[in-house]
Each structure stands twice: as structure tokens, then as C-alpha cells.
Amino acid sequence: MSKNAIFQPPKAIRGGVPICFPQFSNFGRLTQQHGFVRNRHWKVVEQNEWSVTLSLEYDGQEFSDYPHPFKLTTRVELCDDNLEQTLTVTNTGSGAMPFTAALHTYYTVSDISNVQVEGLKGLTYLDSADGRVEKVEASEKVTFPGEVDRIYTKAPDVVKIHDSAAAGGARTYEVRKRGFPDAVLWNPAAAKGAAMSDLGDPEWRRMVCLEPGLVVSDPIELEAGQTWSAAQSLRVHRSGSEL
Ligand SMILES: O=P(O)(O)OC[C@H]1O[C@@H](O)[C@H](O)[C@@H](O)[C@@H]1O
């Protein structure tokens, strides 16, 4: 969570897991980057010590460029050392509903210069920091010498973020995804990070986003009445603990 995050709609919170829906970035017809649900108040529909379920309904009226009613829920559950988050959407309208989506997950890191991301070698990605040109990932462990803003297509279901200098020793975030074909990797680096009022310096150094997404691979048009669901689960390993 950025120390400069703004907890006031219409601003999305700079941290945690903002939900990009019904659009990731500008992949769709909406003018709002990342859609409109991340800066709404959601309703708590169920909660206990270990889990919470939130929901949000859209009646298809507010945005003329998105006339598709839907019901969206997200459930977050803690189980042992695992955090599981599920995103479920039901098309409550009468026509087909196109959408793109991502769980825009922020990870706290000691410093972005200590971070390496494993599991992406050989994948094709769209380089959003370079005009969305298509490239192939050559690195076994992706590092952050400057801005990194990439949409990896058909990403594997397990990706690991290694932080070699986390407080208390090296730390690995193990990210498992299910139902999201793509994965977005983002750190804005100095110029863009410092210019963002809700991030700034040094906050941009202390974060990396790895975002399971449905962006370009396997596009979906949900038929009326149908439901789609996808999930991520997160585990943290300290140095010495099994991976
Ligand atoms: O500032 P926002 O709207 O939260 O977006 C942050 C970043 O989100 C990432 O998912 C995008 O790939 C980046 O291009 C974007 O800059």
C-alpha cells in the first residue's frame, strides 16, 4: 500500500488488489482506464474470521460505452499460509457481454532493485512501455532496470517474485492463477513513479505489481445469464522455507 494512497472515490486505492473490470487498461470501449469498479464502494455480503465476500451490481445505465448489466463478486479467503481470491461475474443482461479484467495486485518489496521475477522466460509480451510492441521474454529472472509495463500472454499458472533483501531475509511471493490466461508486470520506475501523486518517491521503489488478467488471450463474450470465474492464490516463503 502506498503511503500516499488516496482513500476517496473516484480515486482508486494505490495498493492492495484494485479490480480492473469490465476493462483492463484500454482493452475495451470504456474511456476509463481499468474500468469503473475499482473506484466504487462494494457491498459486504458475507464475512467471518477467515473470509470475506464483496459484491457490486451494475445496471448497464451509467456508462453509455458499457451498456451491459452484471453482478460481480470477489471472495478473499485465508487458509493456513495461503490467501485465495476469486473473481466471479454473472451477465445479468439480455445480450452478450464482452469484458477484460485483471487483479491488479501490489506486492511490497524492499527495493525494486532487489526484485527478480521468475516463470516468464520464453513468453510473448506486449511492451506497454514501448508502444505495445510484441516481444519475447529472454530472461529467466526478470529485473527492473527501468520502467517495466508488460502484458505476458498465455502466462503459466505459477510465477514467483523474489525479493533478496526483504526485512528478516529473502522473501518469495508465489503467485498461482486459475482462469486468467495473461499476467501483467508493472513498476513505473523513477520518472513516472515520482510524478504520480498517490505514489511518489520513494514509494514506487517499494512496490511491484503482478496482475493475473484476461486481457488479450482467449477473449470472452459472456452470454446472457452466464457466469465466469477466475482466481489467484498467494503464498509467501521466507528464506529457508520450502518453495
Ligand atoms: O494509474 P493506474 O490507472 O492505477 O494504472 C497503473 C498501471 O497499471 C498497470 O496495470 C498498467 O499496465 C500500467 O500501464 C498502468 O500505468
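Residues numbered from 1 in each chain as written. Predicted model: local features only at pLDDT ≥ 70, side-chain atom pairs only at ≥ 80, totals over all residues. Heavy atoms only, no water.

Caption draft 1: The arrangement of the UniProt feature "binding site: substrate" (unreviewed entry) in the chain in detail. Annotation from UniProt places "binding site: substrate" (unreviewed entry) at R14, Q33 and R38. For the residues just named, distributed over 25 residues, the greatest C-alpha separation is only 14.1 Å, placing them together at one site. Lining the largest pocket, out of the annotated residues just given, are R38. Counting through the fold element by element, Q33 comes out in the loop between strand 1 (19-20) and strand 2 (43-47). We classify Q33 as partly exposed; its relative accessible area is 47%. Leave out the neighbours within four places in its chain, and Q33 touches S25 and R38. Residue classification places R38 among the partly exposed positions, given a relative accessible area of 25%. Discounting chain neighbours no more than four positions away, the residues touching R38 are A12, P18, I19 and Q33. (UniProt positions renumbered as here; feature names shortened; annotations may be inferred. 1 Å grid on protein atoms, 1.4 Å probe; cavity = no way out; pocket = protein on both sides within 12 Å on 5 of 7 lines; lining within 4 Å. Helix = DSSP H or I, 4+ residues; strand = E, 2+ residues; numbered from the N terminus. Buried < 20%, exposed > 50% of the residue type's maximum accessible area, 1.4 Å probe, protein only. Contact = heavy atoms within 4.5 Å.)

Caption draft 2: The nonpolar core, seen in detail. The biggest cluster of nonpolar side chains holds 29 residues, and the ones touching the most others in it are V117, I161 and L185. Of all the secondary structure elements, the ones that give two or more residues to this core are strand 8 (105-108), strand 9 (115-118), strand 13 (148-152), strand 14 (158-163), strand 15 (171-178), strand 16 (182-187) and strand 17 (207-214). Each residue touching L185, except ones within four places of it in the same chain, is listed here: V117, L120, V142, F144, V148, D149, R150, Y152, V208, C209 and L210. V89, F180, L222 and W228 belong to the second largest nonpolar core, which has 22 residues in total. (Core = buried A, V, L, I, M, F, W, Y, C linked by side-chain atoms within 4.5 Å.)

Caption draft 3: Region of interest: unusual backbone geometry. Here the residue pair F21 and P22 is connected by a cis peptide bond, since its omega of 0° sits within 30 degrees of zero. By secondary structure assignment, the location of P22 is in the loop between strand 1 and strand 2. In this model, D201 is joined to P202 through a cis peptide bond whose omega is 10°. A positive phi is found at S25, a non-glycine position, where the angle reads about 50°. The topology assignment puts S25 in the loop between strand 1 and strand 2. Positive phi, close to 60°, is recorded for R132, a residue that is not glycine. Checked against the element boundaries, R132 lands in the loop between strand 10 (124-127) and strand 11 (133-136).

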